[in-house]
Amino acid sequence: MAPAANPVQQLQAQQSILLLARQLADTLQAWWETPDQQRQARLELAQAAALRGCAYLACPNAGAGGALTAGAQEGASRCSGCRVVWYCDTACSHADWAAGHRRVCKHLGAARAAAQAAGQAASGSG
Ligand SMILES: [Zn+2]
Ligand SMILES: [Zn+2]
């Protein structure tokens, strides 16, 4: 068996092909994303937003350091639907509802319930 080309060059070539393939896959995925995947992506975004003090991504108070700790603020408002996300006030909750929270609210609530059930099952003799 003849010695192959420089293995480092081979590796680099493979990596650049993989990178191209990955970019192509990402592009295709953006085109072909199913409603299920879109819902999952929205849910993940909402769960990330739930870690914020105010889950409204365009919250006018977020930049001022006012929306850092979930639920810790005076007048903070929690979504009564999912009980997962917090807002600095009802104005933010209404704005986020219109901005898309209404689409993920029940899914967030279901995910929270499932996580709680799993936690209780895991803790055993509770
Ligand atoms: Zn807010
Ligand atoms: Zn909600």
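Residues numbered from 1 in each chain as written. Chains lettered and ligands numbered in written order. Predicted model: local features only at pLDDT ≥ 70, side-chain atom pairs only at ≥ 80, totals over all residues.

S.K.: Outline the overall build of the chain, listing residues and values.
M.R.: Scanning the chain from terminus to terminus reveals three helices and two strands. Seen in sequence order, the chain has helices and strands lined up from the N terminus as α-α-β-β-α. Put simply, of all contacts in the chain between residues at least 6 apart along the chain, 52% involve residues at least 24 apart. (Helix = DSSP H or I, 4+ residues; strand = E, 2+ residues; numbered from the N terminus. Contact = placed C-beta atoms within 7 Å.)

S.K.: Before we move on, could you go through helix α3 (residues 90-123) and cite the residues and values that matter?
M.R.: For α3, with 34 residues, the first-to-last C-alpha span of 35 Å runs short of the 50 Å given by 1.5 Å per residue. Approximately 85° is the largest bend angle found in α3, and it occurs at H101. Listed in full, the buried residues belonging to α3 are C92, S93, D96, H101, V104, C105 and L108. Taken together, the buried residues of α3 touch α2 (35-50), β1 (77-78) and β2 (86-87). (Expected span 1.5 Å × (residues − 1). Bend = angle between axes of the 7 residues up to and from the residue. Buried ≥ 20, exposed ≤ 12 C-beta atoms within 10 Å, placed from the backbone.)

S.K.: How would you explain the environment of R42 if you had to name every residue and give the values?
M.R.: Mapped onto the elements, R42 comes out in helix α2. Here the alpha-carbon distance between R42 and V104, two residues 62 residues apart in the chain, equals 6.8 Å. Excluding residues within four positions of it along the chain, R42 makes contact with G100, R103 and V104.

S.K.: Help me get a handle on unusual backbone geometry, residues and values and all.
M.R.: A positive phi angle, close to 55°, is found at R83, a residue other than glycine. For R83, the location among the structural elements is in the loop between β1 and β2. Look at R83 and you get partly exposed, because 13 C-beta atoms sit within 10 Å.

S.K.: Residues and numbers for the confidence of the model for the chain, please.
M.R.: Low-pLDDT portions of the prediction should not be read for the details of their coordinates. Across the chain, the average pLDDT comes to 81, with 83% of residues at or above 70. Confidence scores differ between elements of the chain, with helix α1 (residues 7-32) showing the lowest mean pLDDT of 79 and α3 the highest of 91. (pLDDT = per-residue confidence, 0-100.)

S.K.: Can you break down the packing of α2 against α3 residue by residue, with the values?
M.R.: Geometry of a packed helix pair, given as the angle between the helix axes and the separation of the axes. One can describe the packing of α2 onto α3 by two numbers: an axis separation of 9 Å at closest approach and a directional angle of 80°. The angle between α2 and α3 falls in the class roughly perpendicular. For the pair α2 and α3, contact is made by R39, R42, L43, A46 and Q47 and by G100, H101, R103, V104, H107, L108 and A111, respectively. Its residues assigned to classes, the contact of α2 with α3 shows five nonpolar, four polar and three charged. (Axes fitted to C-alpha atoms, helices over the stretch in contact; angles between N-to-C directions. Parallel < 35°, antiparallel > 145°, perpendicular 65-115°, else oblique. Nonpolar A, V, L, I, M, F, W, Y, C, P; charged D, E, K, R; others polar.)

S.K.: For the nonpolar core, give the residues involved together with the corresponding values.
M.R.: C54, A55, V85, Y87 and L108 are the most contacted members of the largest nonpolar core, which has 17 residues in total. Counting only elements with at least two residues in this core, the list comes to α2, β2 and α3. Considering every element that reaches this core, the biggest residue donor is α3, with four residues. Residues in contact with Y87, not counting those within four places in the same chain, are C54, A55, Y56, A76, S77, C92, S93 and D96. (Core = buried A, V, L, I, M, F, W, Y, C linked by C-beta atoms within 7 Å.)

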